[in-house]
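# Topology and contacts: notes
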Amino acid sequence: MIHLKKSWRSPSRSPAELFSHLVVWLCASISVVTTIGIIAVLCKEVFAFFSHVSLWEFFTGTEWTPLIEPRKFGIWPLISGTLLIGLGASIFAVPIGAITALFLSEYVKGTPRIILKSVLEVLAGIPTVVYGFFAVFFITPQLQKFIPDLDTFNALSAAIVVAMMIIPTISSISQDAFEAVPKYLREAAYGLGARKYQVATTVVFPAALSGFVASVILGFSRAIGETMAVTLAAGATPRLTLNPLQSIQTMTAFIVQVSLGDTPAGTIEYQSIFAVGLVLFLMTLGANLVAQWIVKRFQEKYR
Amino acid sequence: MPSREAMIEQELLVTPRILTDRLTVKYGEKVAVKEVSLSFYQRKVAALIGPSGCGKSTYLRSLNRMNDFILNISIEGKVLLDGQDIYERKVDPVLVRRHIGMVFQKPNPFPKTIFENVAWGPKRAKFPKKDLPQLVEDSLKQAALWEEVKDRLNTSALGLSGGQQQRLCIARAIAMKPSVLLMDEPCSALDPIATSRIEDLIQELKEKFTIIMVTHNMQQAARVSDVTAFFLHGNLIEYGATKEFFTRPQKIETENYLTGKFG
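No experiment lies behind these values; they were computed from the predicted model shown. The residue numbers shown here count from 1 along each chain, following its written sequence. Working convention: letters from A go to chains and numbers from 1 go to ligands, in the order in which they are written. Only residues with pLDDT of at least 70 get local features here, since the model is predicted, and only at 80 or more are side-chain atom pairs given and counted; chain-wide, interface and lining totals rely on the full set of residues. The side-chain quantities take in all heavy atoms of the structure and omit both hydrogens and water.

### What about the sheet that holds strand β7 (residues 180-184) of chain B?
All names here are of chain B. Any two strands between which DSSP finds at least two bridges are classified as paired. Comment: elements are numbered from the N terminus, with helices defined as DSSP H or I runs of at least four residues and strands as E runs of at least two. One open sheet accounts for six strands, arranged β6-β7-β8-β3-β9-β10; its pairing is mixed. At either end of the open sheet lies a strand with only one pairing partner, and these are β6 (100-103) and β10 (235-241). Adjacent strand axes in the sheet meet at a mean angle of 15° when their direction is disregarded. Angles here are taken between N-to-C directions and fall from 0 to 180 degrees, while the axes themselves are lines fitted to C-alpha atoms, restricted in helices to the stretch in contact.

### Observations regarding the pairing of strand β2 (residues 30-40) of chain B
All names here are of chain B. Inspection of the sheet shows strand β1 (residues 18-27) paired to β2 by seven bridges, in the antiparallel sense. Bridge pairing links Val-25 to Val-33 in β2. Where β1 folds back on β2, the antiparallel hairpin that results is connected by two residues, among which Gly-28 adopts a positive phi of roughly 60°.

### Section: the packing of aromatic side chains
To describe a pair of aromatic rings, one takes the distance between the centres and the angle between the planes. Residue and element names in this part refer to chain A. Two rings belonging to Phe, Tyr or Trp (six-membered ring only in the last case) form a pair when the distance between their centres is within 6.5 Å. Interplanar angles under 30 degrees mark stacking, angles over 60 mark edge-to-face geometry, and anything in between is tilted. Within this structure, the stated rule accounts for 18 aromatic pairs over all chains. Between the aromatic rings of Phe-49 and Phe-50, the centroid separation amounts to 5.2 Å while the plane-to-plane angle is 70°, which identifies the pairing as edge-to-face. Exposed residues in this analysis have more than 50% of their type's maximum accessible area, buried residues have under 20%, and partly exposed residues fall in between, with area computed by a 1.4 Å probe over protein chains only. By relative accessible area, Phe-49 is classed as buried at 0%. For the ring pair Phe-50 and Phe-58, a centre distance of 5.2 Å and an interplane angle of 85° mean the geometry is edge-to-face. The partly exposed category is assigned to Phe-50, whose relative accessible area is 24%. Given the relative accessible area of 1%, Phe-58 is considered buried. Two conditions define a charge located above a ring, namely a distance within 6 Å from the ring centre to NZ of Lys or CZ of Arg, and an angle within 35 degrees of the ring normal. Here the basic side chain of Lys-196 rests over the ring of Tyr-107, its NZ or CZ set 5.6 Å away from the ring centre.

### With respect to the confidence of the model for chain B
In predicted models, pLDDT denotes the confidence assigned by the predictor to each residue on a 0 to 100 scale. Taken as a whole, chain B shows an average pLDDT of 91; of its residues, 96% reach a score of 70 or greater. Per-residue pLDDT, averaged within each element of chain B, yields its smallest value for helix α1 (residues 4-14) of chain B (69) and its largest for strand β8 (residues 210-214) of chain B (96).

### Concerning the nonpolar core
Note that soluble globular proteins tend to have their nonpolar side chains buried in a common cluster. If you look at the biggest cluster of nonpolar residues, it comprises 64 residues, and the most contacted ones within it are A:Trp64, A:Ile85, A:Val162 and A:Met251. Mapped onto this core, the elements with two or more residues apiece are α1 (15-49), α3 (76-107), α5 (128-146), α6 (155-179), α9 (209-225), α10 (228-234), α11 (251-260) and α12 (268-298) of chain A. Looking at this core, the element that brings in the most residues is α12(A), giving twelve residues. The contact criterion used throughout is that any non-hydrogen atoms of two residues lie within 4.5 Å. Those residues in contact with A:Trp64, other than ones at most four positions away along the chain, are A:Phe58, A:Lys72, A:Phe73, A:Gly74, A:Ile75, A:Pro77, A:Leu78, A:Pro238, A:Phe254, A:Ser272 and A:Val276. If you look at the next biggest cluster of nonpolar residues, it comprises 51 residues, including A:Ala101, A:Ala207, B:Val96 and B:Leu182. Throughout this description, the term nonpolar core refers to a set of buried Ala, Val, Leu, Ile, Met, Phe, Trp, Tyr and Cys residues connected via side-chain atoms within 4.5 Å.

### Structural notes on the interface of chain A and chain B
In this assembly, 19 residues from chain A lie in contact with 26 residues from chain B. Buried surface at the junction of chain A and chain B, summed over both partners, amounts to about 2,100 Å²; 61% is from carbon and sulfur atoms. Once two parts are joined, some of their accessible surface, as seen by a 1.4 Å probe, is lost; buried area is that loss totalled over both. The largest share of the area that chain A buries against chain B comes from A:Glu187, A:Leu192 and A:Arg195, three residues that together contribute 28% of it. When a carboxyl oxygen of Asp or Glu lies within 4 Å of a side-chain nitrogen of Lys or Arg, that pair is called a salt bridge. At the junction of chain A with chain B, the criterion picks out two salt bridges. Residues A:Arg195 and B:Asp92 are paired through a salt bridge, measuring 3.3 Å at the closest nitrogen-oxygen approach. Counted as a polar contact is a pair of N or O atoms within 3.5 Å, where, for protein atoms, one must be capable of donating a hydrogen and the other of accepting one, and residues adjacent in sequence contribute only when both atoms are in side chains. Along the contact surface separating chain A from chain B lie eight residue pairs in polar contact (both at pLDDT 80 or more).

### Brief notes about the sheet that holds strand β4 (residues 73-81) of chain B
Residues and elements named next belong to chain B. A sheet is described by the order of its strands in space; here four strands give the open sequence β2-β1-β4-β5, paired in antiparallel fashion. Edge positions in the sheet fall to β2 and β5 (84-85), since each of these pairs with one other strand and no more. Note that β1 and β4 share eight bridges and pair antiparallel. Within β4, the position partnered with Tyr-27 by the bridge is Ile-73.

### Let's talk about the pairing of β8(B)
Residues and elements named next belong to chain B. Across the five residues that make up β8, a large majority, five, are buried. Side-chain alternation along β8 places Thr-210, Ile-212 and Val-214 on one buried face and Ile-211 and Met-213 on a second face that is also buried. Judged from the four bridges that link them, strand β3 (residues 45-49) and β8 form a sheet pairing that is parallel. By the bridge assignment for β8, Ala-46 is matched with Ile-212. Here five bridges tie β7 to β8, and the two strands are oriented parallel to one another. Across the sheet, Leu-181 pairs through a bridge with Ile-211, a residue of β8.

### Brief notes about the environment of B:Gly162
All names here are of chain B. In this fold, Gly-162 is placed in helix α7 (residues 162-174). The spatial distance from the C-alpha of Gly-162 to the C-alpha of Asp-191 is 8.5 Å, given a sequence separation of 29 residues. Each residue touching Gly-162, except ones within four places of it in the same chain, is listed here: Pro-107 and Leu-190.

### Re the packing of α9(A) against α12(A)
All names here are of chain A. At their nearest, the axes of α9 and α12 sit 9 Å apart, and the two run at 170° to each other. By the angle between their axes, α9 is roughly antiparallel relative to α12. For the pair formed by α9 and α12, the contact residues are Leu-209, Ser-210, Val-213, Ile-217, Phe-220, Ser-221 and Ile-224 on the first element and Leu-280, Met-283, Thr-284, Ala-287, Asn-288, Ala-291, Ile-294, Val-295 and Phe-298 on the second. When an angle is under 35 degrees it counts as roughly parallel; over 145 it counts as roughly antiparallel; between 65 and 115 it counts as roughly perpendicular; any other value is oblique.

Pasting the structure below:
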């Protein structure tokens, strides 16, 4: 009789197989456990925070003064500051990133492409604190020549510098998506007598839309999560405004401010950074969900 | 006295629509096509046959400058379309491709609607928008696809069967009103029934276009083409009327290939 039964010597029950199964499982669960852990810690402190501050005040208040009396805990100034940086940076970075990616995938070949790609990667590798003082000591003074009312610390410089940081993210992920568009679609287009920009904009871009949207969301998430550069460049003035010429404060910058000070654990200031962190987390989560919806709705499926 | 149109027609049958004069194509140092001189006429289907790697596809793609995208390629000799060298420096390859359409090995419709697929090329060439529906209908009719898709022009082209997709690609190519149609093994990804529909279609289309097709299927060449060219190792071995070619090959290599001694 041929031996077909499962046993510890059979291939799918052998110790090596079981061991590798276990290792794969453990590694995969680390990120899940971490996520759950972070949410749990956030929620615990947030729960304590909301026993002192009402949800109503937190989500409708327009003043954020947790460190000075009278203390006010309205989150909106921080949200507006964060969005100002995130959306402002996206306005600069999305078109530039998309065009860069199309240029890299459709227009240049060989050595120039490799050189350009490595320059972009260098841009991605610069420490964020360097971007921060680049904004304070270079961009802001330059801008002040044209815009005399510009504050020393302002959202505009911060948004520009954050845009520079996320351009590599957007362009490199988009480029991968553009390059993954099958060659036969390009051939079909060129065979019909299309020009390069027509192929890039009406065949390659729509076919790679999902990858492009993913890159934008990733860039946006990075922009609103960006800490060091905006803490340096945008200042620490929580203010409900959409005026990019003034100093503002983002959620991340506030968290830095509190964490750097000697705020004892258990105080309301201390708990407030967890509440702010949770809101930031929900915002990035929301951005990702929106992105997934957009991708599902508008993607051209070529497979 | 024949009409002027009739005389032009007559002229086209004796003057090649497209010809190559000692065309050589190299990938770096490797010679893929060696000094091939061939002429193709109006209302004729030409089949290019030969074993894999013989240079027939490379040759075909040189006829509408689809090889331009390959790095390190070099092309010598001439390709004349109605007497004009398409490799002359002043020539815009994009315009060349508008006059010489191409159908590929694997059906490659765009991931767009059926209508958008056919209208895509003409739109890019600034064809008047209001005439597009008529052009799409005419092209689909010529490609023998209209009856099957007329009620779902606004659904995705990827919902069609393989054979329908290939006919859509043919409709898309002829919507540009080219004078020459290049087909690179257009049936190799299709089943026998879809293949025979495409072959019938080629017979109808040759009334309007000069058709040059690459095929690895000798029976197909015999069924569909008027003239056949046999390629081997980048050389043109033999070229002649299909009937003669298959019944009385002149060269020993051709005979060996036709009788299946290699290939």
